[in-house]
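# Tertiary structure, described
Each chain, letter by letter, is given below.
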Amino acid sequence: MASLPPLPSVPPSAPVPRLPHVLALADDLSGAAETACALGGPVRLSLTAADVAESPAAHDLVVDLDTRHLPTAEAACAVRTALRAAQAGPPRLLYKKVDSQLRGHLAAEAAAYAEGAEAVVVAPALPAAGRTVTGGVVHVNGVPLHRTDGWRAERAAAPRSLPEALSGLPVRAVPLDVVRSEPATLDAEFRRIAASGAHPVPDAETDADLDAVAAAALRLGSGFRLLGSGGLALALGRAMARPAAPPPPAPARDRTPLLFVVGTAEPAAVAQIAHLTALGAHHVPLDPADLAAGTVSLPRTPAVPALTVLSIDGSAGLRPGAGRALSAALAALTSAYPGHPDLVLTGGETARTTLDALGIRELEPLGEIHHGAVHSRTPDGRRVVTRPGSYGAEDSLLRIAAALRPHLAAVSAAT
């Protein structure tokens with residue numbers, strides 16, 4: 001596959017030229033929403049891959065390919081199809097969003113994304129969430145990824161390094177001292193690695209490191225494609241200096257029900273939910289076996305509660321690989337929930353299956369409530385917040401509730 005038309009080559013010391021809008025491809029919805037906010041300019045978030053060719057180039061476009069649950073070969077095919085469609089559409093700068101803990105079909109999708117590129121710059125560091133890359137190894141709060149429990153819901157063990165995670169794609173690590181060197185030195189190293197037939201994997205511990213990586217890739221032209229987490233997307237947004245997004249509209253009226261759908265297996269979710277129940281939220285913990293079997297129904301209440309939390313009871317542990325079935329069951333419950341509620345959806349798979357069940361194909365990102373918690377609006381006016389399951393401090397859900405329902409901030413302060 002031929003690459004997209006290259007951007008103008010400029011000397012390393014020159015400013016980045018005027019750039020086309022971005023096309024970002026994500027493998028799940030929470031990551032797509034995170035990327036849409038990170039780019040920082042006019043953006044459309046689509047749940048339909050056909051928009052890659054059909055959407056006008058008046059804005060950045062982020063597409064959730066929803067490949068996390070697919071077989072490996074189908075996930076790679078979805079990336080290739082999107083890239084072919086991109087060539088038929090308006091010129092855009094390519095970005096591939098990946099999970100900062102390397103989950104999903106990383107090797108297969110990266111290999112597909114690399115086809116036709118001079119090189120792919122791989123930088124999954126996300127300093128805001130404590131995810132860094134040193135010596136080609138992803139660390140979570142200073143601990144190598146494979147020594148954490150970040151993959152406990154996966155069928156496989158976490159990779160020990162990025163070369164292992166990208167098995168089949170030749171890569172070369174770029175040490176931190178080179179990332180932090182003069183721009184010309186970093187550019188030359190990227191070119192040297194590309195000339196050898198490999199792809200650069202730069203170390204990064206800070207946002208400034210990612211700024212240097214993004215700027216180098218932009219200077220080298222569109223033959224160098226970017227692949228990374230929301231941290232690299234933020235760096236790309238800063239480098240491209242997009243116009244500021246308009247302020248979000250006022251929150252919805254307090255009488256609109258607010259439904260939290262917590263589809264994550266993260267232990268931190270228990271404490272996050274406790275903050276909501278302390279405010280009087282109606283909490284419905286769901287047994288995963290009953291949920292997967294489709295035997296769960298919501299308890300009847302005299303009136304629709306103003307604030308409800310549906311969550312998976314993970315106290316007995318979850319079966320690895322069961323996430324898609326559980327997310328689909330949660331989505332079915334959510335789509336039948338009365339009152340046209342605003343939604344807070346944690347976990348990319350939960351978010352995508354829920355919006356699919358509701359027939360929602362597009363989101364308008366309005367801003368971030370906190371890192372990774374993206375506030376969007378649907379075409380019919382419903383408010384939706386998406387958030388990766390592994391993100392957020394103990395007060396994450398409380399902060400989201402207060403942003404959507406400002407009166408809850410005062411109630412929280414009094415408790």
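Note on numbering: residues in each chain are counted from 1, in written sequence order. At least 70 in pLDDT is required for a residue's local features to be given in this predicted model, at least 80 for side-chain atom pairs to be given and counted, and no such filter applies to totals for whole chains, interfaces and linings, which use all residues. For side-chain calculations, the full set of non-hydrogen atoms in the structure is used, while hydrogens and water are omitted.

### Some thoughts on the overall build of the chain
- Each helix is a run of H or I in the DSSP string that is no shorter than four residues. Each strand is a run of E no shorter than two, and both are numbered from the N terminus. In terms of regular secondary structure, the chain is built from 15 helices and 18 strands.
- Here, residues are in contact when the closest pair of their heavy atoms is within 4.5 Å. A fraction of 74% describes how many contacts in the chain between residues 6 or more apart in sequence connect residues 24 or more apart.
- Working definition of accessibility: Shrake-Rupley area with a 1.4 Å probe, residue cover restricted to the visible protein chains. Entry remark: accessible area of the chain is about 16,400 Å², with carbon and sulfur atoms responsible for 56%.

### Describing the side chain of glutamate 189
- Along the chain, glutamate 189 falls in helix 7 (residues 183-195).
- Since its relative accessible area comes to 16%, glutamate 189 is described here as buried.
- Ignoring anything within four residues of it in the chain, the contact list for glutamate 189 reads Val174 and Val178. For each residue, the accessible area found with a 1.4 Å probe, counting protein chains only, is set against the maximum for its type, and the residue is called buried under 20%, exposed over 50%, and partly exposed in between.

### A look at unusual backbone geometry
- Phi angles above zero are rare outside glycine, and aspartate 66 is one such case at about 55 degrees.
- Among the secondary structure elements, aspartate 66 is positioned in the loop between strand 3 (60-64) and helix 3 (72-88).
- For leucine 102, which is not glycine, the phi torsion reads 70 degrees and is therefore positive.
- Among the structural elements, leucine 102 can be located in the loop between strand 4 (93-97) and helix 4 (106-114).

### Some thoughts on the pairing of strand 3
- When you tally the buried positions in strand 3, you get five out of five residues, the bulk of the element.
- Side chains Asp60, Val62 and Asp64 project from strand 3 onto one buried face, and the interleaved Leu61 and Val63 project onto a second face that is buried too.
- Looking at chain direction, strand 1 (residues 22-26) and strand 3 are connected through four bridges and run parallel. Bridge pairing in strand 3 places alanine 26 opposite aspartate 64. Only when DSSP finds a minimum of two bridges between them are two strands counted as paired.

### Some details on the sheet that holds strand 8 (residues 143-144)
- The three strands are arranged 6-7-8 in an open sheet whose pairing can be described as antiparallel. With partners counted over all chains shown, the strands left at the sheet margins are strand 6 (131-134) and strand 8, one partner each.
- Alignment of strand 6 against strand 7 (residues 137-140), held across four bridges, turns out to be antiparallel. Within the sheet, the bridge partner assigned to valine 133 lies in strand 7 and is valine 138.

### Let's talk about the pattern of salt bridges
- The salt bridge definition used is simple: a Lys or Arg side-chain nitrogen within 4 Å of an Asp or Glu carboxyl oxygen. Summed over the entire model, instances satisfying the criterion amount to 19 salt bridges.
- For the salt bridge of aspartate 209 with arginine 180, the shortest nitrogen-to-oxygen distance reads 2.8 Å. With aspartate 209 in helix 8 (residues 207-220) and arginine 180 in the loop between helix 6 (176-179) and helix 7, this pair connects stretches of sequence that are 29 residues apart.
- Aspartate 356 is the partner of arginine 361 in a salt bridge, and the nearest nitrogen-oxygen pair spans 2.8 Å.
- Judged by relative accessible area, which is 35%, arginine 361 ranks as partly exposed.
- Within this structure, Asp64, Asp66, Arg352, Asp356 and Arg361 form a network of salt bridges that share partners.

### Remarks on the environment of leucine 227
- The topology assignment puts leucine 227 in strand 11 (residues 224-228).
- A relative accessible area of 1% places leucine 227 in the buried class.
- Sequence separation of leucine 227 and alanine 24 is 203 residues, and the distance between their C-alpha atoms is 9.5 Å.
- Here leucine 227 is in contact with Lys96, Val98, Leu106, Ala110, Tyr113, Val120, Val121, Val122, Ala123 and Leu232, once residues within four sequence places are set aside.

### Looking at the nonpolar core
- Ranked by internal contacts, the top residues of the largest apolar core, which has 99 residues, are Phe190 and Leu236.
- Considering each element in turn, this core owes the most residues, seven residues, to helix 8.
- Core analysis: the second largest hydrophobic core is formed by 20 residues, Leu279, Val309, Val344 and Ile369 among them. What makes a nonpolar core is a set of buried Ala, Val, Leu, Ile, Met, Phe, Trp, Tyr and Cys residues whose side-chain atoms join them at distances within 4.5 Å.

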